[in-house]
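Understanding the architecture of this molecule
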Amino acid sequence: MKKHIGIIIAVICMICTAFPLNVMADAAGGGDYNYQYADYWVVVSAWDGYVNFRYGPGLEYGIVYPIYNGEYLHVQQTAQNMYDGLTWGQVSYGGSAGWISLTEVIATGNPYTQPEPEPQPQPEPEPEPQPEPQPQVQPEKEKNPS
């Protein structure tokens, strides 16, 4: 009986230690995703009016809440699923960090900075009018009486 209990405990320990390591690898940036640093802005533009803000990069992660069309988000990291090719973006929203599907957004500029004004072409300066030349009158030479 003691022999069976020892085997059962050993099997349970093997199962318990193997599973959390797999979950931890995925949560820490490993698993089936290719993670990349990012630094750009997107605006939500989903066909159904919102994108799901999730706890992690993938459909297997729970939904925190929806983010509706028109919201600007700063993407700080991306994660591409190596099997289906879907790309997820890590963003901050409502004081929380989470993930959104990048198929539901459009890349844009930073909405919180003023764009540089486009330079306006300057008209070419008109040349200053020049005075008309005056004919020069030659003084008559005195005839030499000889």
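Residues numbered from 1 in each chain as written. Predicted model: local features only at pLDDT ≥ 70, side-chain atom pairs only at ≥ 80, totals over all residues. Heavy atoms only, no water.

1. Considering the overall build of the chain
A tally of helices and strands in the chain yields 1 helix and 7 strands. The linear arrangement of helices and strands in the chain, starting from the amino end, is α-β-β-β-β-β-β-β. Burial status across the chain gives 23% buried among its 146 residues. For the chain, the proportion of contacts with a sequence separation of at least 24, taken over those separated by at least 6, is 58%. (Helix = DSSP H or I, 4+ residues; strand = E, 2+ residues; numbered from the N terminus. Buried < 20%, exposed > 50% of the residue type's maximum accessible area, 1.4 Å probe, protein only. Contact = heavy atoms within 4.5 Å.)

2. Regarding the pairing of strand E1 (residues 33-44)
Pairing geometry for E1 and strand E4 (residues 72-81), over 9 bridges, is antiparallel. Each residue of the ladder has a partner; that of Asn34, found in E4, is Gln80. (Pairing = 2+ DSSP bridges.)

3. Topic: the nonpolar core
Of all hydrophobic cores here, the largest spans 12 residues; its members are Ala38, Val42, Val44, Val51, Phe53, Ile67, Leu73, Val75, Val91, Ile100, Leu102 and Val105. Put simply, the parts of the chain that give this core at least two residues each are E1, strand E2 (50-54) and E4. Looking at which element gives the most residues to this core, the answer is E1, with 3 residues. If you look at the next biggest cluster of nonpolar residues, it comprises 5 residues, including Tyr33, Tyr35, Ala79 and Trp88. (Core = buried A, V, L, I, M, F, W, Y, C linked by side-chain atoms within 4.5 Å.)

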